[in-house]
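Breakdown of the fold
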Amino acid sequence: MENKYQGLEPLLRVDNLSINFGGLKAVDNVSLKVYPGEIVGLIGPNGAGKTTVFNLLTGVYEPSEGSITIDGKEMPKKIKPHEVVKLGLARTFQNIRLFKQLTVLENVMVAFNQEMKTNIFQSALRTRKFYKEEEYYKNKALEILSIFDLAIYASEQAQNLPYGKQRKLEIARAMATNPKVLLLDEPAAGMNPTETHELMEMIEYIRKNYKIAILLIEHDMSLVMNICEYITVLEYGAPIAAGSPEEIANNQRVIQAYLGSED
Ligand SMILES: Nc1ncnc2c1ncn2[C@@H]1O[C@H](COP(=O)(O)OP(=O)(O)O)[C@@H](O)[C@H]1O
Ligand SMILES: [Mg+2]
């Protein structure tokens with residue numbers, strides 16, 4: 001396992017990342033690497049700091065300490081979430097964030113907003129260039145929906161999709177930004193076993209076909225153990241274990257952290 005990525009540069013590299021909220025060290029000296037085509041799990045009890053790591057990675061918070069490197073380029077300390085997308089980071093959220101009233105297709109097209117060259121003035125005038133560009137992005141969005149078996153829902157309002165499909169749509173939208181690094185925050189939360197299985201296939205498909213780095217926060221242990229090659233465990237903001245799924249499953253410290261027991 002160590003040898004597999006030897007000589008390769010990680011697409012995502014986090015070194016000694018920390019943030020304090022008042023007296024609380026929400027993230028405490030976290031380091032990790034994710035290689036192209038790798039899925040790394042980030043797990044830990046509620047409040048361990050997992051989502052805060054994502055918020056640091058995506059410019060929501062500025063780190064107190066540490067650095068983040070995307071594909072060999074160190075991220076500036078102060079960066080806005082939309083600039084992070086341009087660096088190649090895309091994420092989904094613990095709670096679904098879709099434009100409920102927009103169609104499935106429009107939800108993906110929104111992801112192209114940064115890319116769209118036509119300015120507001122042109123779109124107000126509905127120039128020929130505007131229509132051409134809209135057509136181009138519409139087709140691009142449809143293509144992405146097809147890849148993830150969502151094209152049949154293209155003209156449905158996002159809020160009318162079954163829950164599992166809404167979750168998949170969020171991931172499809174993240175993929176529309178053509179990321180180098182995909183951050184998934186509890187994608188299986190609230191899913192039934194069939195939906196979870198479908199989700200697992202989707203993530204596996206992305207891993208195989210896009211060769212991007214995937215960092216996965218997830219409470220569903222069977223999903224994490226099945227799909228991740230490597231797992232980092234946080235407790236009270238700090239890494240308490242890292243290793244293969246097997247190593248993590250047998251780690252006494254990890255078991256204690258989850259059970260919250262003394263022995
Ligand atoms: N903006 C914030 N201000 C103060 N405390 C925060 C903030 N965001 C998160 N926290 C705290 O940081 C800790 C880690 O939270 P979080 O990253 O959401 O945990 P997890 O995702 O692992 O459940 C929690 O104690 C939470 O209350
Ligand atoms: Mg969280």
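Residues numbered from 1 in each chain as written. Chains lettered and ligands numbered in written order. Predicted model: local features only at pLDDT ≥ 70, side-chain atom pairs only at ≥ 80, totals over all residues. Heavy atoms only, no water.

1. Some remarks on helix α6 (residues 163-176)
Put simply, the rule reads: Strands here are runs of E lasting at least two residues and helices are runs of H or I lasting at least four, both read from the DSSP assignment and numbered beginning at the N terminus. To estimate the expected span of a helix, count its residues, drop one, and scale the result by 1.5 Å.
Between its first and last C-alpha atoms α6 spans 20 Å; for 14 residues at 1.5 Å apiece the expected length is 20 Å, and the two agree. The positive-phi residue at the C-terminal boundary of α6 is N178, with phi of around 60 degrees.

2. Some points on helix α5 (residues 128-147)
Test applied: Residue burial is assigned from relative accessible area. The probe radius is 1.4 Å, only protein chains are included, and a residue is buried under 20% of its type maximum, exposed over 50%, and partly exposed in between. Arc definition: directions from the helix axis to the C-beta atoms.
An ideal rise of 1.5 Å per residue puts 28 Å on 20 residues; α5 measures up with 29 Å between its terminal C-alpha atoms. By the burial criterion, the buried members of α5 are F130, E133, Y137, A141, I144 and L145. For α5, the buried positions fall inside an angular range of 115 degrees around the axis, keeping them on one side. In α5, the exposed residues that point more than 90 degrees away from the buried face are R128, K132 and E143. Following α5 by one or two positions, D149 adopts a phi angle in the positive range, close to 60 degrees.

3. So, the sheet that holds strand β2 (residues 24-34)
Threshold: The criterion for strand pairing is that DSSP finds at least two bridges linking the strands in question. Whether two residues are in contact is decided by their heavy atoms, any of which lying within 4.5 Å being enough. Axis definition: a line fitted to C-alpha atoms, over the contacting stretch in the case of helices. Angles run 0 to 180 degrees between N-to-C directions.
Ordered by their spatial adjacency, four strands build an open sheet running β2-β1-β4-β5, and the pairing between neighbours is antiparallel. Only two strands of the sheet have a single partner each, and these edge strands are β2 and β5 (73-74). In the packing of helix α1 (residues 50-57) onto the sheet, the strands contacted are β1 (12-21), β2 and β4 (65-70), and the crossing angle to β1 comes to about 110 degrees.

4. A look at the packing of aromatic side chains
Condition: Note on aromatic contacts: the rings of Phe and Tyr and the six-membered ring of Trp form a pair at centre separations within 6.5 Å, being stacked when their planes are under 30 degrees apart, edge-to-face when over 60 apart, and tilted otherwise. Think of it as a cone above the ring: NZ of Lys or CZ of Arg counts as a charge over the ring if it is within 6 Å of the ring centre and within 35 degrees of the ring normal.
Under the counting rule described, the total for this entry stands at five aromatic pairs. Relative to Y137, the ring of Y136 has its centre 5.0 Å away and its plane inclined at 80 degrees; by these criteria the two rings are edge-to-face. Note on Y137: relative accessible area 5%, which makes it buried. Ring plane angle 80 degrees and centroid distance 6.2 Å describe the contact between F148 and Y205, whose orientation is recorded as edge-to-face. With F148 in the loop between α5 and α6 and Y205 in helix α7 (residues 193-210), this pair connects stretches of sequence that are 57 residues apart. Accessibility expressed as a relative area gives 36% for Y205, which makes it partly exposed. In this structure an aromatic cluster arises from ring pairing among F112, Y136 and Y137. The side chain of R97 reaches across the aromatic face of F93, ending 3.7 Å from its centre.

5. Focus on the coordination of the magnesium ion (ligand 2)
Rule in force here: Any N, O or S atom lying within 2.8 Å of the metal counts as a donor, with the limit raised to 3.2 Å for Na, K and Ca; because water is left out of the atom set, some sites can appear incomplete.
T51 (OG1) and Q94 (OE1) make up the full set of protein donors to the magnesium ion (ligand 2), lying at 2.1 to 2.3 Å. Residue T51 is located in helix α1, and its partner Q94 is located in the loop between β6 (89-91) and α3 (104-109); the two are separated by 43 residues in the primary sequence. Assessed through its relative accessible area of 31%, Q94 is described here as partly exposed.

6. Description of the pattern of salt bridges
Two side chains carrying opposite charge are able to pair once their charged atoms lie near each other. We apply this condition: The salt bridge definition used is simple: a Lys or Arg side-chain nitrogen within 4 Å of an Asp or Glu carboxyl oxygen.
Under the definition given, this model contains 10 salt bridges. Note that K25 is salt-bridged to D28, the shortest N-O span being 3.5 Å. On the accessibility criterion, K25 (36% relative accessible area) is partly exposed. Overall, D28 belongs to the partly exposed group, its relative accessible area being 24%. A salt bridge links E74 to K77; the shortest N-O distance between them is 3.9 Å. Overlapping salt bridges bring together K165, K168 and E198 as one network.

7. Some points on the site of ligand 1
We apply this condition: If a single non-hydrogen atom of a residue is within 4 Å of a molecule or strand, that residue counts as near it. N or O atoms closer than or at 3.5 Å make up a polar contact, with two conditions inside protein: a donor-capable atom paired with an acceptor-capable one, and, for residues adjacent in sequence, both atoms drawn from side chains. Nonpolar residues are Ala, Val, Leu, Ile, Met, Phe, Trp, Tyr, Cys and Pro. Charged residues are Asp, Glu, Lys and Arg, and all others, Gly as well, are polar.
Near ligand 1 you find F21, L24, A26, P45, N46, G47, A48, G49, K50, T51, T52 and Y61, and these make up its full shell. K50 is positioned such that a nitrogen or oxygen atom in its side chain is 2.8 Å from an oxygen atom of ligand 1. T51 is positioned with one of its side-chain polar atoms (N or O) 2.9 Å from an oxygen atom of ligand 1. Going through the elements one at a time, β2 and α1 are the ones with two or more residues in the shell around ligand 1. Ranked by the residues each element gives to the shell around ligand 1, the list is headed by α1, at three residues. Residue composition of the shell around ligand 1, by class: six nonpolar, five polar and one charged.

8. Looking at unusual backbone geometry
Positive phi outside glycine occurs at N16, with the angle close to 50 degrees. For N16, the position within the fold is in strand β1. Using a relative accessible area of 41% as the deciding quantity, one classes N16 as partly exposed. With a phi close to 45 degrees, Y236 is a non-glycine residue in the positive phi region. Its place among the elements puts Y236 in the loop between β9 (230-235) and β10 (238-243).

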